[in-house]
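Observations on the model geometry
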Amino acid sequence: MAMTHRSRIWASTMRGHEAQSQVCAHADSRAAIQADRQMLREEREHIERKTLGSGAALAQGAGHRALSEEPDRYRTCFERDRDRVVHSTAFRRLAGKTQVVVYPLDHQRTRLTHALEVAQVATAIARGVGANATLADAIALGHDCGHGPGGHASEDAFDPYIPGGFHHGPWGADVALRHLNLCAETLDGIRNHSWSQPAPATVEGEIVSWADRIAYCAHDLEDAMRAGIVTGADLPDQVVRRCGSQRSQQLRVFISAVIDSTRDTGVIGMDADTADVLAQLRQFNYDRIYMRPESVAQSDAVIDVLRALVDHLARHPDLVPDPPEQLLDDHPEVEGALWRAVAYVAGMTDRFAFEQAHALLGYDLARIPAGIGRGM
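Residues numbered from 1 in each chain as written. Predicted model: local features only at pLDDT ≥ 70, side-chain atom pairs only at ≥ 80, totals over all residues. Heavy atoms only, no water.

Quick notes on the nonpolar core
Side chains that are nonpolar tend, in soluble globular proteins, to be buried together. Our working definition: Buried Ala, Val, Leu, Ile, Met, Phe, Trp, Tyr and Cys residues that are joined via side-chain atoms within 4.5 Å together make up what is termed a nonpolar core. Categorising residues by exposure relies on relative accessible area from a 1.4 Å probe, with only protein chains included: less than 20% of the type maximum marks a residue as buried, more than 50% marks it as exposed, and the intermediate range marks it as partly exposed. Any two residues whose heavy atoms approach within 4.5 Å are treated as being in contact.
Within the largest apolar cluster, 64 residues are counted, with the highest numbers of intra-cluster contacts made by Phe91, Val121, Ile125, Ile214, Phe254 and Met270. Not counting chain neighbours up to four residues away, the residues in contact with phenylalanine 91 comprise Val85, Val86, Leu112, Ala115, Leu116, Leu141 and Cys145. By size, the runner-up hydrophobic cluster in this structure holds 31 residues, among which are Ala157, Val302, Ile303 and Val345.

Examining the packing of helix H3 (residues 77-86) against helix H6 (residues 133-142)
Threshold: Helix axes are fitted only over the stretch in contact, all axes being lines through C-alpha atoms; the angle between N-to-C directions runs from 0 to 180 degrees. The helix and strand labels rest on DSSP assignments: H or I over at least four residues marks a helix, E over at least two residues marks a strand, and numbering proceeds from the N terminus. In these notes the angle categories are as follows: under 35 degrees is roughly parallel, over 145 is roughly antiparallel, 65 to 115 is roughly perpendicular, and the rest is oblique. A crossing counts as left-handed when the near helix is turned anticlockwise from the far one by less than a right angle, and as right-handed when that turn is clockwise.
Across the interface, H3 lies against H6 with an axial gap of 8 Å and an inter-helix angle of 20°. Between H3 and H6, the angle falls in the class roughly parallel. Every pair of crossing elements has a handedness; the one defined by H3 and H6 is left-handed. Across the interface between the two elements, Phe78, Glu79, Asp81, Arg82, Val85 and Val86 of H3 pack against Thr134, Leu135, Asp137, Ala138, Leu141 and Gly142 of H6.

Digging into the layout of surface pockets
The following threshold applies: Using a grid of 1 Å spacing that covers the protein atoms alone, one calls a set of points a cavity when a 1.4 Å probe fits there but cannot get out, and a pocket when the set is open and has protein on both sides within 12 Å along at least five of seven lines; lining residues are those with an atom within 4 Å of a point. Grid points are joined across faces, edges and corners, and a volume is the space filled by probe spheres set on the points.
By volume, the largest pocket is sized at about 1100 Å³. Around the largest pocket, the lining comprises 46 residues; the ones closest to its centre are His152, Glu155, Tyr216, Arg282 and Tyr290. Those elements that place two or more of their residues in the lining of the largest pocket are helix H5 (111-129), helix H7 (153-158), helix H8 (168-176), helix H10 (203-226), helix H13 (272-290) and helix H14 (293-315). Of all the elements, H13 adds the most residues to the lining of the largest pocket, at eight residues.

Looking at the confidence of the model for the chain
Just so we agree on the cut-off: You can read pLDDT as the predictor saying how much it trusts each residue, on a scale of 0 to 100.
Summing up the model confidence of the chain, the mean pLDDT is 91 and the portion of residues at 70 or higher is 92%. A low-confidence stretch, residues 372-376 (pLDDT under 50), is modelled with 20 contacts involving residues beyond four sequence positions or located in other chains.

Describing the environment of leucine 58
Position of leucine 58 relative to the elements: it lies in the loop between helix H2 (41-51) and H3. Along the backbone, leucine 58 and cysteine 77 are 19 residues apart, and their C-alpha atoms lie at a distance of 9.5 Å. Other than its neighbours up to four places away in sequence, leucine 58 contacts Glu48, Arg49, Leu52, Phe78 and Asn132.

Okay, here's the thing in structure tokens:
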């Protein structure tokens with residue numbers, strides 16, 4: 001095929017544009033900054049010490065890591081953690097993992113978009129209360145990296161294989177992201193972000209716990225409304241009066257409530273009246289979205305498929321690719337082939353899991369149940 005005009009223009013920028021002693025991105029680049037002093041890591045740490053509130057987690061050197069490292073010249077330890085999470089395979093795969101829907105449609109949330117929205121809420125709260133927004137961002141982006149395909153149904157699927165049950169927070173911190181050698185504060189926040197887990201050790205971890213709930217209550221409702229499952233008129237009157245029926249209204253009310261309550265008390269939390277409204281919204285979502293018959297059927301199908309895959313792969317360990325380094329440790333509480341099978345399936349995206357079930361088990365892809373927006 002002949003090279004197009006657009007292709008020739010794109011190719012002409014291969015090296016950039018000469019400008020005195022350097023190369024610039026644009027032929028007419030003129031933006032400039034007086035970079036007579038560099039913002040080295042030490043200065044950034046100094047700014048944190050001077051500006052963050054008492055009790056905020058402070059970056060220091062290379063950070064508290066399981067394996068010691070040399071500090072970065074420019075980035076704080078929590079900035080490095082955020083970068084590592086964003087570039088990780090586990091984070092990237094969240095784009096293909098269920099938030100509420102298996103095989104989500106174009107406008108429905110995935111675990112990846114959920115993580116991004118949680119990060120926005122968490123950093124907004126952190127900045128508002130004087131906490132370390134960078135650490136909150138890193139925890140929020142990594143908080144769901146332990147989820148398997150099919151969302152929370154995967155936890156039910158894997159429960160029988162893991163003593164004490166499979167929990168996506170600890171799995172994310174201790175398995176999926178372990179090889180990144182993240183700071184102890186980041187791992188703690190990821191491990192304990194769910195309200196059923198022990199409290200995080202940092203205020204930033206506590207912030208992400210609230211940000212997670214605020215974000216999913218608002219955006220799961222929005223997805224369901226767009227799919228025609230519920231309408232704003234279905235919401236409890238108190239929810240509509242206090243925070244409206246739109247995601248933007250709800251986020252504004254709930255984020256402000258956490259900031260205001262924390263400033264008043266010094267403890268990360270929300271006033272009782274607003275917390276009751278958030279609880280009513282979550283209960284509404286639970287009853288009308290998560291537990292609707294189609295959603296329950298979707299979860300049941302996911303559980304059946306994932307367990308069948310784990311059982312098959314545990315019996316045929318040659319089908320499991322060589323595991324990443326973080327999975328090579330001994331896990332005496334779980335037989336080795338079974339552990340690797342769970343770890344392999346837990347890392348799959350929705351689509352890959354069902355395609356593997358089709359290829360290995362003869363699963364009929366037409367049996368994928370309708371979720372929100374599917375088959376409607």
